[in-house]
Amino acid sequence: GENVEQHPSTLSVQEGDSAVIKCTYSDSASNYFPWYKQELGKGPQLIIDIRSNVGEKKDQRIAVTLNKTAKHFSLHITETQPEDSAVYFCAASIDSSYKLIFGSGTRLLVRP
Amino acid sequence: DTAVSQTPKYLVTQMGNDKSIKCEQNLGHDTMYWYKQDSKKFLKIMFSYNNKELIINETVPNRFSPKSPDKAHLNLHINSLELGDSAVYFCASSSGQGSSYEQYFGPGTRLTVT
């Protein structure tokens, strides 16, 4: 079955710096790759997603890139702010399946 | 209005007891899920339901029995609770068929088994 690996497990950056989180997936049939942000005591919330027919997607300070050949995808956050501090999860799934496989999470700390 | 709600938010119980967690969504979604998040934050799918029909049962022990009385509700009943069941359980919902749609998560239920 699908397996998603996520690195790093923790990431500490200075406010204003960029943060990059990387994921790899095992099932080449996966074609949907969302990123979720989980704040303390809350459920995960979608921040951006990308489908396999697109190599890059950007939404303000957040961007995601996908390399289908290498089965890698990454989350890039620019100009980080303290409110970006949270746990971030990547995930992968096959369209028409009902199963979203999550990475192990990255705890991001943005130091003021 | 809360899109996906869960009750209770906290649940403390002893081993061997039976407990239920309720989930309701007011988004009009067709698909609902239960996830388990352990102490290391690993988030794992347990069940997926579409239009009240079980689609995915991710090798969950049969002590866990989901029930969907209608499209807006997906409850989770757990029999004979064990220490290893301690975790945060999240309900989620999405529109459309399949998993390539945004999932809206509830606030979670923290279950502690003593």
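Look a little higher up for the structure.
Below or above, wherever it landed, is the structure these notes cover. (Residues numbered from 1 in each chain as written. Chains lettered and ligands numbered in written order. Predicted model: local features only at pLDDT ≥ 70, side-chain atom pairs only at ≥ 80, totals over all residues. Heavy atoms only, no water.)

The final tally for this structure, using the stated rule, is 13 aromatic pairs over all chains. Geometrically, the ring pair formed by tyrosine 25 of chain A and phenylalanine 33 of chain A is tilted, given 4.7 Å between the ring centres and 45° between the ring planes. Neither residue differs from the other here; tyrosine 25 of chain A and phenylalanine 33 of chain A are each classed as buried. For the pair tyrosine 35 of chain B and phenylalanine 105 of chain B, a centre-to-centre distance of 5.2 Å together with 40° between the ring planes defines the contact as tilted. Of this pair, tyrosine 35 of chain B sits in strand E4 (residues 31-37) while phenylalanine 105 of chain B sits in strand E10 (residues 104-105); the two residues are 70 residues apart in sequence, bridging distant segments of the chain. You can call phenylalanine 105 of chain B buried: its relative accessible area is 12%. (Phe/Tyr/Trp six-rings, centres within 6.5 Å; stacked < 30°, edge-to-face > 60°. Buried < 20%, exposed > 50% of the residue type's maximum accessible area, 1.4 Å probe, protein only. Helix = DSSP H or I, 4+ residues; strand = E, 2+ residues; numbered from the N terminus.)

With that out of the way, let us pick up the side chain of serine 100 of chain B. On the secondary structure map, serine 100 of chain B appears in the loop between strand E9 (87-94) and E10. Given the relative accessible area of 2%, serine 100 of chain B is considered buried. Aside from chain neighbours lying at most four places away, what touches serine 100 of chain B is Tyr32, Arg51, Ser93 and Asp95 of chain A. (Contact = heavy atoms within 4.5 Å.)

What follows concerns the pairing of strand E5 (residues 45-51) of chain A. The side chains of a regular strand alternate, residue by residue, between the two faces of the sheet. Residue and element names in this part refer to chain A. Judged from the six bridges that link them, strand E4 (residues 32-38) and E5 form a sheet pairing that is antiparallel. Looking across to E5, one finds that tyrosine 36 is bridged to leucine 46. Hairpin connection between E4 and E5: a loop of six residues separates the two successive antiparallel strands, and glycine 41 in this loop has a positive phi of roughly 80°. (Pairing = 2+ DSSP bridges.)

We now examine the state of the cysteines. Here a disulfide denotes a covalent bond joining the sulfur atom of one cysteine to the sulfur atom of another. Considering all chains together, one arrives at two disulfides over all chains under this definition. Shown here is the disulfide that connects cysteine 23 of chain A with cysteine 90 of chain A, its sulfur atoms set 2.0 Å apart. Its torsion about the S-S bond being -100°, the disulfide of cysteine 23 of chain A and cysteine 90 of chain A is classed as left-handed. Highlighted residues: cysteine 23 of chain A in strand E3 (residues 19-25) and cysteine 90 of chain A in strand E9 (residues 86-92), separated in sequence by 67 residues. Of the residues examined, cysteine 23 of chain A reaches a relative accessible area of 1% and is grouped as buried. You can call cysteine 90 of chain A buried: its relative accessible area is 0%. Put simply, cysteine 23 of chain B and cysteine 91 of chain B are joined by a disulfide, and their sulfur atoms are 1.9 Å apart. Between cysteine 23 of chain B and cysteine 91 of chain B the disulfide shows an S-S torsion of about -75°. By sign, it is left-handed. In this pair, cysteine 23 of chain B sits in strand E3 (residues 19-25) while cysteine 91 of chain B sits in strand E9, placing the two residues 68 residues apart along the sequence. With respect to class, cysteine 23 of chain B is no different from cysteine 91 of chain B; both count as buried. (Disulfide = S-S within 2.5 Å.)

In this section: the interface of chain A and chain B. Opposite the 21 residues of chain A that make contact, chain B presents 26 residues. Across the chain A-chain B interface, the total number found is one salt bridge. Where glutamate 58 of chain B meets lysine 99 of chain A, a salt bridge forms, and the shortest distance between an N and an O atom there is 3.3 Å. Inspection of the region where chain A meets chain B yields five residue pairs in polar contact (both at pLDDT 80 or more). Elements that contribute at least two residues to the side of chain A that touches chain B include exactly E4 and E5 of chain A. Considering each element in turn, the side of chain A that touches chain B owes the most residues, three residues, to E4 of chain A. Classifying every residue of the side of chain A that touches chain B gives nine nonpolar, seven polar and five charged. (Salt bridge = Lys/Arg side-chain N within 4 Å of Asp/Glu carboxyl O. Polar contact = N/O pair within 3.5 Å; in protein donor to acceptor, adjacent residues only side chain to side chain. Nonpolar A, V, L, I, M, F, W, Y, C, P; charged D, E, K, R; others polar.)

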